[in-house]
Amino acid sequence: MRLIHTADWHLGQSFHGQERHVEHRAFLAWLLDTLVARQADALLVAGDIFDVVNPSLAAQALLYDFIVDAHQRLPSLEIVLIAGNHDSGNRIELPAPLMRRLNTHALGRVYWQDDGDLDAERLLVPLTDADGATRAWCLALPFLRPAEVTGAPRASEDDAPNDYVAGIGRVHTRLIEAARARREPGQALVAMSHAHLHGAAVSEASERPIVIGGEESISAALFPDDIAYVALGHLHRAQQVGEERIRYSGSPLPLDFSEVAYPHQVVEVVLDGEALAATEALPVPRPVAMHRVGPAPLDEVLAELEALESDPAHPQARGRELSRERWPWLEVRVELEAPIPDLRARVEAALEGKALRLLRLERRLPRIEGEDAPARVDLESLGPRKLFERTWAARWGEPPEAEVLADFDRLCQDVLDAEGDDAGAAGNQEVSS
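Criteria and thresholds
- Residues numbered from 1 in each chain as written.
- Predicted model: local features only at pLDDT ≥ 70, side-chain atom pairs only at ≥ 80, totals over all residues.
- Heavy atoms only, no water.
- Axes fitted to C-alpha atoms, helices over the stretch in contact; angles between N-to-C directions.
- Helix = DSSP H or I, 4+ residues; strand = E, 2+ residues; numbered from the N terminus.
- Parallel < 35°, antiparallel > 145°, perpendicular 65-115°, else oblique.
- Contact = heavy atoms within 4.5 Å.
- Nonpolar A, V, L, I, M, F, W, Y, C, P; charged D, E, K, R; others polar.
- Buried < 20%, exposed > 50% of the residue type's maximum accessible area, 1.4 Å probe, protein only.
- Pairing = 2+ DSSP bridges.
- Phe/Tyr/Trp six-rings, centres within 6.5 Å; stacked < 30°, edge-to-face > 60°.
- Patch = residues over 30% accessible without salt bridge, like charges linked within 9 Å, V, L, I, M, F, W, Y side chains within 5 Å.
- Areas by Shrake-Rupley, 256 points an atom, 1.4 Å probe, with all protein chains shown as cover.
- Salt bridge = Lys/Arg side-chain N within 4 Å of Asp/Glu carboxyl O.
- Lys, Arg positive; Asp, Glu negative; His and termini not counted.
- Charge placed at Lys NZ, Arg CZ, Asp CG, Glu CD.
- Polar contact = N/O pair within 3.5 Å; in protein donor to acceptor, adjacent residues only side chain to side chain.

1. Digging into the packing of helix α7 (residues 298-307) against helix α8 (residues 343-350)
- Contact pair α7 / α8: the axes reach a minimum separation of 8 Å and the direction vectors enclose 30 degrees. In terms of orientation, α7 lies roughly parallel with respect to α8. Contacts between α7 and α8 involve Leu298, Leu302, Leu305 and Glu306 from the first element and Leu343, Arg346, Val347 and Ala350 from the second.
- Residue composition of the contact of α7 with α8, grouped by class: 6 nonpolar, no polar and 2 charged.

Right under this line is the structure:
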């Protein structure tokens, strides 16, 4: 059986205020061609399908058009989607009844039965081959928020009911137990999870702080040896965690300039009976190039910009006009001895006539020894959690305790979920009217 593992599409991402629909559309077209060329039996999308809980209509259209096109070209293809921490689980599941008619399974959240046990059956998706025979089971576990694991049965009375990390572990364990009971000899188990594993490399700047700022990371030991493959999402750097069978596919496109050098890819997985036979990284073509210049003194930066050519891989370099939507993105980082009021004008002058889009100009001034002036803070990169920690420490003279941070994280998540639910309700009302 042949699977394609991908994750972290972040459809609808605004890149320093610029839309990226052209890039996402190009990636999805390449992915569909790859699925056909490889004659894949299943596509696993391990969360963060959208960039925000309330994605635009254009971003949603990208997903649903892809699903329809995939079903037309590969009628037997099974698609399994799980919600990530950027997604609204309710929104991901909203069209699930319709998507099932297209062999697509959308899992947005976990549910608990009246007896307090996990409803594991709904998270088990049979993966069939071209003949319709079940060859594997996908344990599809969406991103687990604190409110969703408080109902997990405790191992003992000493196990705190609000222990988020322990709750995540119990959910994984219960789901694996249910899968083992369900599968038949010769059928493989494939786990798909949107989570942060111990020891995995986090991106420099593009990954927002997650529920408890990394403290929610789990151990790869949660996935025993009888799990043939673990398809992970959440971290943007493609990597394996300890073993070949436990992998992050990484994001298919750079989501920040810090990811320029990442090997963006999807992973082809071949199963032989119950075992993993092979994996292969399939590089994703970059539809729009991305350049970083600096950090360096202004003279060096200007010289590098003057020498910078438009991307030779694009049609413009072969004598045809290139659409502005395909112009490469550019970040410029300048080291300064003192402020230069016309810095942007000088940088833009060096770019005159070049098919490049300057998205970010970073000024780096020297730190004056002994100066107590407050550091300039980029709120977008700081995030609500770090801002709360700094504010609390400034007010009370010490950092907030873990319980306080957990309460803050739950409040943040409640707000995000409410925004997603309200947006969904408003959309339904608009349609009905």
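2. Re the environment of His71
- Within the secondary structure, His71 sits in helix α2 (residues 57-73).
- Spatially, the C-alpha atom of His71 lies 8.9 Å from that of Thr104, the residues being 33 residues apart in sequence.
- Once residues within four sequence positions are removed from consideration, His71 is found in contact with Arg101, Leu102 and Asn103.

3. With respect to the pairing of strand β7 (residues 124-128)
- Most of β7 sits out of view: 4 of its 5 residues are buried.
- Sheet topology places β7 next to strand β8 (residues 134-141); 5 bridges connect them, and they run antiparallel. In the strand pairing of β8, Pro126 is matched with Trp137.
- What sits between β7 and β8 in their antiparallel hairpin is a turn of 5 residues, with Gly132 showing a positive phi close to 90 degrees.

4. A short note on the environment of Ile340
- Along the chain, the position of Ile340 falls in the loop between β16 (329-335) and α8.
- Counting along the chain gives 42 residues from Ile340 to Leu298, while the straight-line C-alpha distance between them is 9.9 Å.
- Leaving out residues up to four positions away in the same chain, Ile340 has contacts with Leu298 and Arg346.

5. Regarding the sheet that holds strand β13 (residues 265-272)
- Reading across the sheet, the 6 strands line up as β6-β5-β4-β1-β13-β14 and stay open at both edges, with mixed pairing between neighbours. Each of the sheet's edge strands pairs with one partner strand only, and the pair in question is β6 (104-107) and β14 (275-283). Each strand of the sheet is rotated relative to its neighbour by a mean of 20 degrees, with strand direction disregarded.
- Where strand β5 (residues 78-82) and β6 come together, 4 bridges link them in parallel fashion. Within β6, the residue paired with Val80 across the bridge is His105.
- Packing against the sheet, helix α1 (residues 21-38) makes contact with β1 (2-6), β4 (42-45), β13 and β14, and its axis sits at approximately 140 degrees to β14.
- Each of β4, β5 and β6 is contacted by α2, which is oriented at about 160 degrees to β5, the strand it contacts most.

6. Observations concerning the packing of aromatic side chains
- Scanning all chains against the criterion turns up 7 aromatic pairs.
- Centre to centre, the rings of Phe388 and Trp392 are 5.8 Å apart; their planes meet at 55 degrees, and the pair counts as tilted. Of this pair, Phe388 and Trp392 both sit in helix α9 (residues 379-396), 4 residues apart, which is roughly one turn of the helix.
- On the basis of relative accessible area, Phe388 is assigned to the partly exposed category, the value being 21%.
- Pairing Phe388 with Phe408 gives two aromatic rings, centres 4.2 Å apart and planes at 5 degrees, and the pair type is stacked. Of this pair, Phe388 sits in helix α9 while Phe408 sits in helix α10 (residues 402-432); the two residues are 20 residues apart in sequence, bridging distant segments of the chain.

7. Overview of a negative patch on the surface
- A surface patch of like charges, here negative, comprises Asp299, Glu300, Glu304, Glu335 and Glu337.
- If you trace the backbone, Glu304 turns up in helix α7.

8. Concerning the side chain of His236
- If you trace the backbone, His236 turns up in the loop between β10 (229-233) and β11 (239-241).
- Of note is the side chain of His236, whose polar atom sits 2.8 Å from the side chain of Glu259.

Geometric values such as these leave the question of function open.
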